[in-house]
Amino acid sequence: MTNLDNYKKDELTINPGKAQILGILYAVPFVLLFASIYYLVWGSSILENPFIYFKNVFGNASLLIIVGGMIVGIVLHELIHGITWSQFAKNGLQSMKFGVIWKYVTPYCHCKEPLLLKHYIIGALMPAIILGFIPSIIAILLGHYGLLVFGLFFTFAAGGDFMMTNLLRKEPMNNLVQDHSSVIGCYVYRLKNIDE
């Protein structure tokens, strides 16, 4: 673990209600962008009757299978956070804690040691890239509506990650960041001035 004696610890937190609203607001532009591009490339047939189009794409797949796939994706979302952050953490996967905040039915991955801001941001955004952006782009290239739905869902699911990244956007990259252990937010470790 990094020696934190030369750092000043500050808390950046946000209340859960505001976090949910901001997460939606940060995700919606990406969802609209991918959906609009798909519409422009593949035409209006989707919007004329999206439910029939959805049924044609997914066939007789039961709702249980679709929901099950989404749950597996949510677990993967947290695993991607953990695997990515573990590459930068001194203790690797041992520094990761996985769980669920049952009050909000929210799964989480928590890194128990501070990371450089740039490494924290990479880990925060990686699930959006792997599960959201890449499937959405492939869906646009192939005209695959089911893959688009998957990509848009997981782009939307990354709203909280976009919010956290935005919360940290003005911080210098040499600062350290550590997930808060009990509330939505993080600790920021800023290098002290020489005279402090």
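Everything discussed here concerns the structure shown above.
These remarks concern the structure in this document. (Residues numbered from 1 in each chain as written. Predicted model: local features only at pLDDT ≥ 70, side-chain atom pairs only at ≥ 80, totals over all residues. Heavy atoms only, no water.)

## A word on the environment of Pro29
Next up, step 1: Within the fold, Pro29 resides in helix H1 (residues 16–42).
Next up, step 2: You can call Pro29 partly exposed: its relative accessible area is 47%.
Next up, step 3: For the pair Pro29 and Thr155, spaced 126 residues apart in the sequence, the C-alpha separation amounts to 10.0 Å. (Helix = DSSP H or I, 4+ residues; strand = E, 2+ residues; numbered from the N terminus. Buried < 20%, exposed > 50% of the residue type's maximum accessible area, 1.4 Å probe, protein only.)

## Some details on the nonpolar core
A general tendency of soluble globular proteins is for nonpolar side chains to be buried together.
Next up, step 1: Of all hydrophobic cores here, the largest spans 19 residues; its most connected members are Trp85, Tyr120, Leu168 and Cys186.
Next up, step 2: With four residues, helix H5 (residues 117–142) is the largest single contributor of residues to this core.
Next up, step 3: Once you skip the residues sitting within four places of it in the chain, Leu168 turns out to touch Leu12, Leu117, Tyr120, Val177, Cys186 and Val188.
Next up, step 4: Counting residues in each nonpolar core, the second largest holds 13 residues, with Val31, Phe34, Tyr38 and Phe162 among its members. (Core = buried A, V, L, I, M, F, W, Y, C linked by side-chain atoms within 4.5 Å. Contact = heavy atoms within 4.5 Å.)

## Considerations on the packing of H5 against helix H6 (residues 145–156)
Two measures define how a pair of helices packs: the angle their axes make with one another and the distance between the axes.
Next up, step 1: Running from amino to carboxyl end, H5 crosses H6 at an angle of 155 degrees, the nearest separation of the two axes being 7 Å. Between H5 and H6, the interaxial angle falls into the category roughly antiparallel. Seen along the crossing, H5 lies across H6 with a hand that is left-handed. Contacts between H5 and H6 involve Leu131, Gly132, Phe133, Pro135, Ser136, Ile138 and Ala139 from the first element and Leu147, Leu148, Phe150, Gly151, Leu152, Phe154 and Thr155 from the second.
Next up, step 2: Considering only residue class, the contact of H5 with H6 consists of 10 nonpolar, four polar and no charged. (Axes fitted to C-alpha atoms, helices over the stretch in contact; angles between N-to-C directions. Parallel < 35°, antiparallel > 145°, perpendicular 65-115°, else oblique. Left-handed = near helix turned anticlockwise from the far one by under 90°. Nonpolar A, V, L, I, M, F, W, Y, C, P; charged D, E, K, R; others polar.)

## Digging into the packing of aromatic side chains
Next up, step 1: Going through the model one piece at a time under the given rule, you end up with eight aromatic pairs.
Next up, step 2: Ring geometry for Trp85 against Tyr120: centres 5.2 Å apart, planes inclined by 20 degrees, an arrangement best described as stacked. With Trp85 in helix H4 (residues 63–86) and Tyr120 in helix H5, the pair connects residues that are 35 residues apart, well separated along the chain. Neither residue differs from the other here; Trp85 and Tyr120 are each classed as buried.
Next up, step 3: Residues Phe133 and Phe162 carry aromatic rings whose centres are separated by 6.1 Å and whose planes lie at 20 degrees to one another, so their mutual orientation is stacked. Residue Phe133 is located in helix H5, and its partner Phe162 is located in helix H7 (residues 159–167); the two are separated by 29 residues in the primary sequence. For the pair Phe133 and Phe162, one class covers both residues: buried. (Phe/Tyr/Trp six-rings, centres within 6.5 Å; stacked < 30°, edge-to-face > 60°.)

## Topic: the packing of H1 against H6
Next up, step 1: Direction vectors running N to C along H1 and H6 enclose 165 degrees, while the axes themselves pass 8 Å from each other. In terms of their interaxial angle, H1 and H6 are classed as roughly antiparallel. Here the hand of the crossing between H1 and H6 comes out right-handed. Residues Ile24, Ala27, Val28, Phe30, Val31, Phe34, Ala35 and Tyr38 of H1 form the contact with H6, whose own contacting residues are Tyr145, Leu148, Leu152, Thr155 and Phe156.
Next up, step 2: Each residue belonging to the contact of H1 with H6 can be placed in one class, and the counts come to 12 nonpolar, one polar and no charged.

## Re a nonpolar patch on the surface
Next up, step 1: On the surface, a cluster of nonpolar side chains totalling about 770 Å² of accessible area is made up of Val67, Ile71, Val72, Val75, Leu76, Leu79, Ile83, Leu93 and Phe98.
Next up, step 2: Among the elements that make up the nonpolar patch, the one with the highest residue count is H4 (seven residues).
Next up, step 3: Among the secondary structure elements, Ile71 is positioned in helix H4. (Patch = residues over 30% accessible without salt bridge, like charges linked within 9 Å, V, L, I, M, F, W, Y side chains within 5 Å. Areas by Shrake-Rupley, 256 points an atom, 1.4 Å probe, with all protein chains shown as cover. Salt bridge = Lys/Arg side-chain N within 4 Å of Asp/Glu carboxyl O.)

## Structural notes on the pattern of salt bridges
Next up, step 1: Inspection of the entire model under this criterion finds two salt bridges.
Next up, step 2: Put simply, Arg190 and Asp10 hold a salt bridge, and the shortest N to O gap is 2.3 Å. Separated by 180 residues along the polypeptide, Arg190 in strand E6 (residues 185–191) and Asp10 in strand E1 (residues 7–13) bring together distant segments of the chain.
Next up, step 3: A residue is classified by how much of its surface remains accessible, and Arg190, at 25% relative accessible area, is partly exposed.
Next up, step 4: Judged by relative accessible area, Asp10 falls into the partly exposed class, the value being 23%.
Next up, step 5: Of the charged contacts, one joins Glu171 and Arg190 as a salt bridge, the two residues approaching to 2.5 Å between their closest N and O atoms. One end of the pair, Glu171, is in the loop between H7 and strand E5 (176–179); the other, Arg190, is in strand E6, and 19 residues separate them in sequence.
Next up, step 6: Taken together, the shared-partner salt bridges connect Asp10, Glu171 and Arg190 into one network.

Such coordinate-based values are descriptive only and should not be taken to indicate function.
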